[in-house]
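# Chain and residue survey
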Amino acid sequence: MTQDELKNEVAKAALQYITPGTIIGVGTGSTANFFIDHLSSMKDSIKGAVASSIDTANRLKRNGIPVVNLNAVDEISVYIDGADESDHNLNLIKGGGGALTREKIVAAVANQFVCIADDSKLVDSLGKFPLPIEVIPMSANYVKYQIINSIGGNPVLREELTTDNGNLILDIHGLEIDDPKNLENRLNNIVGVVTNGLFANRGADILLLGSQNGVNILKS
């Protein structure tokens, strides 16, 4: 199967984690898009979905799925989203599509986080994929030099991208992340950082991996 076919299969498998009659959270990106398309087949069984980006909200609406404002929600039963990398402890790097802040907020609210990905995303150690950092625009240079001097790696401004929150993205190249939780906290403590793409303090509960041999299930 092609990579898109693997993503499609794992997105379909995520439907089993949806509790009828609840509000769910939906992530952003190519694998999440496959999930939204499959979700349309059972749209009448859920109350609605909280979207992690404007693009996701628009795709949900096109599929006839009600989009709910997070501030109007008491509970999200499950959050379904992809990842750019996952280690075997289900710590993640996310934010390749620039939606990391809203993704992190929805994941924090959800009772369960189910990550869906093809098996190329599973790694022994995070960091080969550049780690995204969302920053307030006026702080970009300050944050860049703080990272170089105190964290390491090579932070590069992502050109021609503004997040849904009106901010910028720095991508840190060349990291070897051996303590994801600690690094997540250190980066978030830099003035001007909104959040970063490490999902370690709130990692996935379940990782569904699409492979040539079917969908594999990993649990934290």
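A brief report on the enclosed structure follows. For clarity, every value in this text was computed on a predicted model and none was experimentally measured. (Residues numbered from 1 in each chain as written. Predicted model: local features only at pLDDT ≥ 70, side-chain atom pairs only at ≥ 80, totals over all residues. Heavy atoms only, no water.)

### Observations regarding a nonpolar patch on the surface
On the surface, Ile-136, Met-138 and Val-194 cluster together to form a nonpolar patch covering roughly 310 Å² of accessible area. On the accessibility criterion, Met-138 (80% relative accessible area) is exposed. (Patch = residues over 30% accessible without salt bridge, like charges linked within 9 Å, V, L, I, M, F, W, Y side chains within 5 Å. Areas by Shrake-Rupley, 256 points an atom, 1.4 Å probe, with all protein chains shown as cover. Salt bridge = Lys/Arg side-chain N within 4 Å of Asp/Glu carboxyl O. Buried < 20%, exposed > 50% of the residue type's maximum accessible area, 1.4 Å probe, protein only.)

### Some words on the side chain of Lys-94
Within the secondary structure layout, Lys-94 lies in the loop between β5 (92–93) and α4 (100–109). One polar contact links Lys-94 to Asp-81, side chain to side chain, over a distance of 2.6 Å. A polar atom in the side chain of Lys-94 sits 2.8 Å from the backbone oxygen of Gly-82. In contact with Lys-94, not counting residues within four places along its chain, are Asp-81, Gly-82, Ala-83, Asp-84, Leu-100, Glu-103, Phe-113, Pro-132, Gly-197 and Phe-199. (Helix = DSSP H or I, 4+ residues; strand = E, 2+ residues; numbered from the N terminus. Polar contact = N/O pair within 3.5 Å; in protein donor to acceptor, adjacent residues only side chain to side chain. Contact = heavy atoms within 4.5 Å.)

### Details of the packing of helix α1 (residues 3–13) against helix α2 (residues 30–39)
One can describe the packing of α1 onto α2 by two numbers: an axis separation of 8 Å at closest approach and a directional angle of 50 degrees. Between α1 and α2, the crossing angle belongs to the class labelled oblique. Note that α1 runs across α2; the crossing there is right-handed. Residues Asp-4, Lys-7, Asn-8, Val-10, Ala-11 and Lys-12 of α1 form the contact with α2, whose participating residues are Ser-30, Thr-31, Phe-34, Phe-35 and His-38. The class makeup of the residues in the contact of α1 with α2 is 4 nonpolar, 4 polar and 3 charged. (Axes fitted to C-alpha atoms, helices over the stretch in contact; angles between N-to-C directions. Parallel < 35°, antiparallel > 145°, perpendicular 65-115°, else oblique. Left-handed = near helix turned anticlockwise from the far one by under 90°. Nonpolar A, V, L, I, M, F, W, Y, C, P; charged D, E, K, R; others polar.)

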